[in-house]
Amino acid sequence: MANVTLRVLEGLERGKVFANLPTPVTIGREDDNDVQLNDDRISRFHAKLQDDGGRVILTDLDSTNGTRVNGHAVQMKVLQSGDLVSIGRCVLVFGDLPGWQTLAQTYGDETEPNQTAFADGDQPLVNPDDLDFLSPSPGARSDCEPLFPLGAPGMPTDLRPLHRAQVSDVLAYVHDQLGQVLAGASEETQRGGPRSMRCSWEVWQKLVSLQATLASYLRKIADPD
């Protein structure tokens, strides 16, 4: 029986992580769902994730407004890590990606679990250098080092309400800009070719990962407790 992780990129639950849910998993508007999303465009029981031989299959449960994966309407689909699942106004990313933030984000004496991804022995799952997708491409000339060579910085703490609102505005703007990039992409399949979006799949994953991190930041700012 497979466990699945879903991260909410868009919607009222933006920034929420449903981690390591045992299959089968139902998604919908009702409280009885494993993933409950507050959106009137989502059916009471909208979609289901189930395991078959270690692969996770998404099935639309004859919902009113349908389900889309990577911009395509689907009734059933085998999901792969990094797939974007659109249900109503909500967008969820399936699984974990190589670009998830791996540096510990410390708030007081606690580490925010949704901002870290450590393997056994507290070692990062990926090299922090791999997270900087803004670095020049191989062969390109660069006169300066990356601004954040160790990955994304930690969130500020003990902010006044005004400061929280200002930071939220900045992050919401960046989140919206990235959302436009994601919404404008579509999956392209070629017989015998690599799986890709309009940009490379690697860059796509890193864009989704960055948006998920920003969504978590926004949720932390909106609900500091």
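Per chain, residue numbering runs from 1 following the sequence as it is written. Residue-level local features of this predicted model are given only where pLDDT is at least 70; pairs of side-chain atoms are given and counted only at 80 or more, and the full residue set underlies all totals for whole chains, interfaces and linings. Excluding hydrogens and water, the side-chain values take into account all heavy atoms of the structure.

Bringing a nonpolar patch on the surface into the picture now. Where nonpolar side chains cluster on the molecular surface, the patch consists of Val 170, Tyr 173 and Val 174 and spans about 290 Å² of accessible area. By the criteria applied, helices consist of DSSP H or I runs no shorter than four residues and strands consist of E runs no shorter than two, each listed in order from the N terminus. Position of Tyr 173 relative to the elements: it lies in helix H1 (residues 161–183). By definition, no residue in a patch forms a salt bridge, and every one has over 30% relative accessible area; like charges are joined within 9 Å, nonpolar side chains (Val, Leu, Ile, Met, Phe, Trp, Tyr) within 5 Å. Accessible surface area values rest on a Shrake-Rupley calculation with a 1.4 Å probe, where residue burial reflects the displayed protein chains alone. When a carboxyl oxygen of Asp or Glu is within 4 Å of a side-chain nitrogen of Lys or Arg, the pair counts as a salt bridge.

Counted under the stated rule, the structure contains three salt bridges. One salt bridge in this structure joins Arg 44 and Glu 30, with 3.5 Å as the shortest N-O distance. With Arg 44 in the loop between strand E4 (35–36) and strand E5 (47–52) and Glu 30 in the loop between strand E3 (25–28) and E4, the pair connects residues that are 14 residues apart, well separated along the chain. One salt bridge connects Asp 39 with Arg 89, and the closest N-O pair in it is separated by 2.6 Å. Residue Asp 39 is located in the loop between E4 and E5, and its partner Arg 89 is located in the loop between strand E10 (84–87) and strand E11 (90–94); the two are separated by 50 residues in the primary sequence. Judged by its relative accessible area of 4%, Asp 39 is buried. Residue Arg 89 is classed as partly exposed on the basis of its relative accessible area, which comes to 43%. Within the structure, one salt-bridge network assembled from shared partners comprises Asp 39, Asp 40 and Arg 89. Exposed residues in this analysis have more than 50% of their type's maximum accessible area, buried residues have under 20%, and partly exposed residues fall in between, with area computed by a 1.4 Å probe over protein chains only.

Among the nonpolar cores identified, the biggest contains 23 residues, and Val 35, Leu 37, Leu 49 and Leu 58 are the most heavily contacted of them. Listing elements by their share of this core, those giving two or more residues are strand E1 (3–10), strand E2 (17–22), E3, E5, strand E6 (55–60), E10 and E11. Working rule for contacts: check all heavy atoms of both residues, and any pair within 4.5 Å makes them a contact. In this structure, Leu 49 is in contact with Val 4, Leu 6, Thr 23, Pro 24, Val 25, Val 56, Ile 57, Leu 58 and Leu 79, ignoring residues within four places of it in sequence. With 18 residues, the next largest nonpolar core counts Val 91, Met 155, Leu 171 and Leu 214 among its residues. To form a nonpolar core, buried Ala, Val, Leu, Ile, Met, Phe, Trp, Tyr and Cys residues must be joined to one another through side-chain atoms within 4.5 Å.

What the five strands build is an open sheet, ordered E4-E3-E5-E6-E9; its pairing is mixed. Either end of the sheet is taken by a strand with one partner, and the two such strands are E4 and strand E9 (76–78). Two strands qualify as a pair provided DSSP detects at least 2 bridges between them. Sheet topology places E6 next to E9; three bridges connect them, and they run antiparallel. Across the sheet, residue Thr 59 finds its bridge partner in E9, namely Met 76.

Grid spacing is 1 Å over the protein atoms alone, the probe is 1.4 Å, and a cavity is where that probe fits but cannot get out, while a pocket is an open set with protein on both sides within 12 Å along at least five of seven lines and lining residues have an atom within 4 Å of a point. Grid points are joined across faces, edges and corners, and a volume is the space filled by probe spheres set on the points. Here the second largest pocket is characterised by a volume of approximately 310 Å³. Counting residues per element, the ones that place at least two in the lining of the second largest pocket are E1, E10, H1 and helix H2 (201–222). Of the residues belonging to the lining of the second largest pocket, the class tally is eight nonpolar, eight polar and two charged. The classification used treats Ala, Val, Leu, Ile, Met, Phe, Trp, Tyr, Cys and Pro as nonpolar, Asp, Glu, Lys and Arg as charged, and all other residues, Gly among them, as polar.

Before going further, it helps to spend a moment on the packing of H1 against H2. Contact geometry of H1 with H2 gives a least axis separation of 9 Å together with a crossing angle of 155°. With respect to each other, H1 and H2 are oriented roughly antiparallel. Note on packing geometry: the crossing formed by H1 with H2 is left-handed. Of the residues in H2, those in contact with Arg 164, Val 167, Ser 168, Leu 171, Ala 172, Val 174, His 175, Leu 178, Gly 179, Val 181 and Leu 182 of H1 are Trp 204, Leu 207, Val 208, Leu 210, Gln 211, Leu 214, Ala 215, Tyr 217, Leu 218 and Ile 221. The convention used is that axes are lines fitted to C-alpha atoms, helices contributing only their stretch in contact, and that angles between N-to-C directions extend from 0 to 180 degrees. Working definition: roughly parallel below 35 degrees, roughly antiparallel above 145 degrees, roughly perpendicular at 65 to 115 degrees, and oblique for all remaining angles. Each helix crossing is assigned a hand: it is left-handed if the near helix lies turned anticlockwise from the far helix by less than a right angle, otherwise right-handed if that turn is clockwise.

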